[in-house]
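Below are the chains, spelled out letter by letter.
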Amino acid sequence: MASVDEAETNKAFAEEHGASFPILSDADRTVSTAYGVLSERGFANRWTFFIDPNGVIARVDREVDARTAGADLVEHLEALGVPPAED
């Protein structure tokens, strides 16, 4: 996950929402620009990039809905043939 917010803001957001992963700070918008997700207003569009083991973008979900993002993510990974993680 990446955000155009400062690292401190991302850390607070992650702690508030109990995220178990780090959130990349792209405050200078370099990554957002490189991936073509930066909107005219300076915010990053909420897209999901599925990158294969060779570093190739295998799929892009441009219609991410925060309410269903987790289930949608699993569905896309299954469609790409990614095996489920072992517990």
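Since the structure is predicted, the reported quantities are computational estimates derived from the model, not experimental observations. (Residues numbered from 1 in each chain as written. Predicted model: local features only at pLDDT ≥ 70, side-chain atom pairs only at ≥ 80, totals over all residues. Heavy atoms only, no water.)

K.L.:
Tell me about the overall build of the protein chain, and please be specific about residues and values.
P.N.:
Within the protein chain, the secondary structure is distributed over 3 helices and 4 strands. Evaluated residue by residue, the protein chain yields a buried proportion of 14% over its 87 residues. Sequence-distant contacts, at least 24 apart, represent 14% of the contacts inside the protein chain between residues at least 6 apart. Element-wise, carbon and sulfur atoms account for 52% of the exposed surface of the protein chain, whose accessible area totals about 6900 Å². With 7 positive and 17 negative side-chain charges, the protein chain shows a spacing of 7 Å between the two charge centroids. (Helix = DSSP H or I, 4+ residues; strand = E, 2+ residues; numbered from the N terminus. Buried < 20%, exposed > 50% of the residue type's maximum accessible area, 1.4 Å probe, protein only. Contact = heavy atoms within 4.5 Å. Areas by Shrake-Rupley, 256 points an atom, 1.4 Å probe, with all protein chains shown as cover. Lys, Arg positive; Asp, Glu negative; His and termini not counted. Charge placed at Lys NZ, Arg CZ, Asp CG, Glu CD.)

K.L.:
Just give me the short version of the packing of aromatic side chains, but keep the residues and values in it.
P.N.:
The tally for this structure, following the rule as stated, stands at 2 aromatic pairs. Considering the side-chain rings of Y35 and F49, the 4.8 Å spacing of their centres and the 75° angle between planes classify their relative orientation as edge-to-face. One end of the pair, Y35, is in the loop between helix 2 (30-34) and strand 3 (48-51); the other, F49, is in strand 3, with 14 residues separating them in the sequence. Assessed through its relative accessible area of 37%, Y35 is described here as partly exposed. With a centroid separation of 6.4 Å and an interplanar angle of 45°, the aromatic rings of W47 and F49 are classed as tilted. Residue classification places W47 among the partly exposed positions, given a relative accessible area of 26%. Put simply, the rings of Y35, W47 and F49 pair up and form one aromatic cluster. (Phe/Tyr/Trp six-rings, centres within 6.5 Å; stacked < 30°, edge-to-face > 60°.)

K.L.:
Help me get a handle on the environment of E8, residues and values and all.
P.N.:
Its place among the elements puts E8 in helix 1 (residues 7-17). Residue classification places E8 among the exposed positions, given a relative accessible area of 60%. Sequence separation of E8 and V64 is 56 residues, and the distance between their C-alpha atoms is 25 Å.

K.L.:
Break down unusual backbone geometry for me, with residues and values.
P.N.:
One non-glycine residue with positive phi stands out, namely R29, at about 65°. Relative to the assigned elements, R29 resides in the loop between strand 2 (24-25) and helix 2.

K.L.:
Describe the pairing of strand 4 (residues 57-61), and please don't skip the residues or the numbers.
P.N.:
When strand 3 meets strand 4, the two strands line up antiparallel, connected through 4 bridges. For I51, the partnering residue across the bridge sits in strand 4 and is I57. Two successive antiparallel strands, strand 3 and strand 4, enclose a turn made up of 5 residues, where G55 displays a positive phi of approximately 85°. (Pairing = 2+ DSSP bridges.)

K.L.:
I'd love a proper account of the side chain of S3, names of residues and values included.
P.N.:
With respect to the helices and strands, the residue S3 is situated in strand 1 (residues 2-3). At 3.1 Å, the side chain of S3 and the backbone nitrogen of D5 are in polar contact. In this structure S3 touches N10, I23, L24, S25, D26 and A27, once residues within four positions along its chain are discounted. (Polar contact = N/O pair within 3.5 Å; in protein donor to acceptor, adjacent residues only side chain to side chain.)

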